[in-house]
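Structural overview
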Amino acid sequence: MDISTFTGEGLSRAFGIDVAALDPGAAGDLGVGASWGRVAPGVRSLTHQHDETEVWVLVAGGGDLVVDGAEHRIEAGAVVRFDPFETHYVTNTGETDLVLASFFWRDTARATAAAGRSVRRRFGERPVFVFSSAPTPNGDLHLGHLAGPFFAADAYTRFQRMNGVRAWHLCGSDDYQNYVEAAGAKEGRSALDTATHYSGRIRETLAAMDIEVHQFTATSADDTYPDGLRGFFGTLIASDSVRLAEADALFDPESGRYLFESGVSGKCPSCGETTGGNICEGCKEPNSVADLVDPVSAESGAAPRRGTVRRYQLSLHELADHVRDHHRKGRVPSSVKELAARVLSRGPVEVPLTHPAGWGLPPAESAVDGQVIWSWIDYAYSILHGVGALGARTGEEWRADEPDADWKIVHFLGADGSFFHPIVVPALYRAAHPDWAPDIDYHINEFYLLQESKFSTSRRHAVWGRDVLGPETVDAYRLYLALTRPEGRRTNFDPDEFDAFTRDTLETRWQGWLAGLGERIVRDHGGKVPDAGVWTPEHTAFLARLTERLAALTRSLGADGFSLNSAAAELLGLVEDTRAFAAAESAAAHVGDWADEARTALALELAAARLLATCGTPVMPRFASVLAEALGLPADRTWPHTVDLVPAGTAVTLAGRVFFGAKPESAAESPLLPWLSGVVREVLRLPADEPVAHLSLTELGMQSMQAVALQYQLTDRLDADVPLETLLNGGDVAGLADTLVKDLPEDVVRKHAEVGR
């Protein structure tokens, strides 16, 4: 036997506490790591996670343990088990040492299972508040805005709610930004009228994008907001990290107006790029305004006058340890951790809390008369206010002035907010609410470019959401933006590429497949779902492939690995997998000896359509709802854990459905379609009543020699060159008819249209 006794000898620092290995014989022969841990009175361990399963045995003392936001009181004699990847830390709240023995080991199967759960980190037990960064109401929303925080937050929340999580999407307008006042001056409106006008338009555009917002706070229109913000500010300046100090400042040389944010521009003192006051969009670093290189006043166009101003400031560097610990709790991009290390390693960083300005909410304190609470401090409070307002409406006891450790907050924001959102705001929370350790995930997108130039509200270089979004286009925009939004790198929106994507992918390939599937069900099974019959190895392989797609979609939309780029790619892959499967199975689909196998193939196609309708909901809710209805599925759907067949006997109404784009009244079909359909049936030796319009030639079973034969027939009869690539591009027969019409003389089209009739 071996006995290990804690003596306090040989301790070293790890995870923010004192640790020492147990005597090697005490646990080593069991394949288990073991150590003593000592937490001194008033000390808190570092927040951390690991892949091992760990067990604590508390030997002495006691304290507060927090695991994934849940608080637990533990005392000597307690035994605690941590599963892999649970975020935890302990605080010694007593007057004597907290001593524990820790045993830990790797269990690969347990860790893999923990990582693979669609809902982790107690998301199913705690309220989840998903915030899209509050837009500045100095203009409407363009596709750059929509592709970023708003759409992502909506899809994220929809997925969580499908998994039974109590999740809400919260947003609002950041009304007290000085950019609002600047926009109002240009447009001949007051700042308040400008905020009110654009806040309303923003809400309308969000609705047009099918973005659900469960709590929207327009800060200048909420009667309870001013007192709440002033109360938050009062607790903030009571902190030891906030001081009233004299600071260097810039002033317009003619009017004497104090300059900050939109009022001044110059070169960033860190990277040299042209920037506005307070934050550089290039390197994401802050500036003090007074340290801009070659500054220019926006008001007079002249070099500013230098002076000083007495204002409240947060000494951010004094809270650096708390910022780092905050970044250990949730999902925080490494770029943010690097930015924090870069900025905070240079010495003191003073963040202004008030500015001399006429637009904004003045604090209750008279020490800074003529100043307003800076909009970034305003924004930090608006998060808490939004949760409190949502609680008041839903009957929950959530209070802005009493934030709870159990709250899970998820932020979606643009890269230009990388300094303020995940670095400054948690420091403000620490200063104002020192007993609250917020648990926040951050999802950050880069800039979305429009024809290789940054979208810009102020320059009006944009595609405005209200100009392009409607019931017939919203699904196409949501899928295309999901596929191309700037995750981890800048990406570009090209209107021509979007039009081609809509036409070739959605209207031709997706809609062609679904319409053709519907026609085959009507033709072969009277519009009812057939029961699966005999299964072949190809069938089971396709079912396995669908299962892989489901797993990948679950990862792509889950909290840990959220990526709309990946989710969109998986949805596109799902359709392409199914089209290829349908084409491969079509050859024997009407051979009597293989009818039972054909039923299985059709049932699997319908299972793929069902998967698309369900898993497509977070990305394309309108399309998914219409598709589910056409498949006879209930509207209220939960996230699937298995690939399920559509119940046999269900009435399916896919045939004739238009999922993408509006069908012109005057163009129900191409005038050449009846004639072309006849030629296709002739070459493939199909019955005269065989539906072919919404099927590709491959899906109709065309082989390479038959394609050559069809090419010869069309070239000969139309007296025009028809490339083989045009026949085999994957589009349906109706799409091929449209293509031919565009390339043929009107008299040739008219002649063959009459033959078709």
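An account of the accompanying structure is given in this report. Fair warning: this is a prediction, and the values are worked out from it, not measured in the lab.

This part takes up unusual backbone geometry. In this structure, Asp294 is a non-glycine residue whose phi angle is positive, near 50 degrees. Despite not being glycine, Asp719 shows a phi value in the positive range, around 55 degrees. Structurally, the position occupied by Asp719 is in the loop between helix H19 (704–718) and helix H20 (724–727).

Attention now goes to the sheet that holds strand E11 (residues 167–173). In spatial order, the strands read E12-E11-E10-E21-E22; together these five strands make up an open sheet with parallel pairing. The sheet is open, and its two borders are formed by strand E12 (215–218) and strand E22 (439–445), each paired with just one other strand. Strand-to-strand twist in this sheet, taken as the mean axis angle between neighbours without regard to direction, amounts to 20 degrees. Bridge count between strand E21 (residues 408–414) and E22: seven bridges; the pairing is parallel. Paired with Leu413 across the two strands is Ile444, which belongs to E22.

The element E11 is extensively covered by neighbouring structure, given that seven of its seven residues are classed as buried. Burial along E11 is two-sided: Ala167, His169, Cys171 and Ser173 and Trp168, Leu170 and Gly172, pointing in opposite directions, are all buried. Relative to E11, strand E10 (residues 128–132) runs parallel, the two sharing four bridges. If you follow Val128 over to E11, its bridge partner there is Ala167.

The next thing to look at is the environment of Gln371. One can find Gln371 in strand E20 (residues 371–373). For Gln371, a relative accessible area of 6% puts it in the buried group. Residues Gln371 and Val296 lie 75 residues apart in sequence; the distance between their C-alpha atoms is 22 Å. Contacts of Gln371, omitting those with residues within four sequence positions, involve Val309, Arg310, Arg311, Thr354, His355, Pro356, Ala357, Pro362 and Pro363. In terms of polar contacts, Gln371 uses its side chain to reach the side chain of Thr354, at 2.6 Å.

Another aspect to go through is the packing of aromatic side chains. Counted by the stated rule, this structure contains 33 aromatic pairs. With a centroid separation of 5.7 Å and an interplanar angle of 80 degrees, the aromatic rings of Phe129 and Trp407 are classed as edge-to-face. Residue Phe129 is found in strand E10, and its partner Trp407 is found in the loop between helix H9 (375–394) and E21; the two are separated by 278 residues along the sequence. Taking relative accessible area as the criterion, Phe129 reaches 0% and is therefore assigned buried. Ring geometry for Trp376 versus Tyr379: centroids 5.9 Å apart, planes at 75 degrees, classification edge-to-face.

Rules behind the numbers
- Residues numbered from 1 in each chain as written.
- Predicted model: local features only at pLDDT ≥ 70, side-chain atom pairs only at ≥ 80, totals over all residues.
- Heavy atoms only, no water.
- Helix = DSSP H or I, 4+ residues; strand = E, 2+ residues; numbered from the N terminus.
- Pairing = 2+ DSSP bridges.
- Axes fitted to C-alpha atoms, helices over the stretch in contact; angles between N-to-C directions.
- Buried < 20%, exposed > 50% of the residue type's maximum accessible area, 1.4 Å probe, protein only.
- Contact = heavy atoms within 4.5 Å.
- Polar contact = N/O pair within 3.5 Å; in protein donor to acceptor, adjacent residues only side chain to side chain.
- Phe/Tyr/Trp six-rings, centres within 6.5 Å; stacked < 30°, edge-to-face > 60°.

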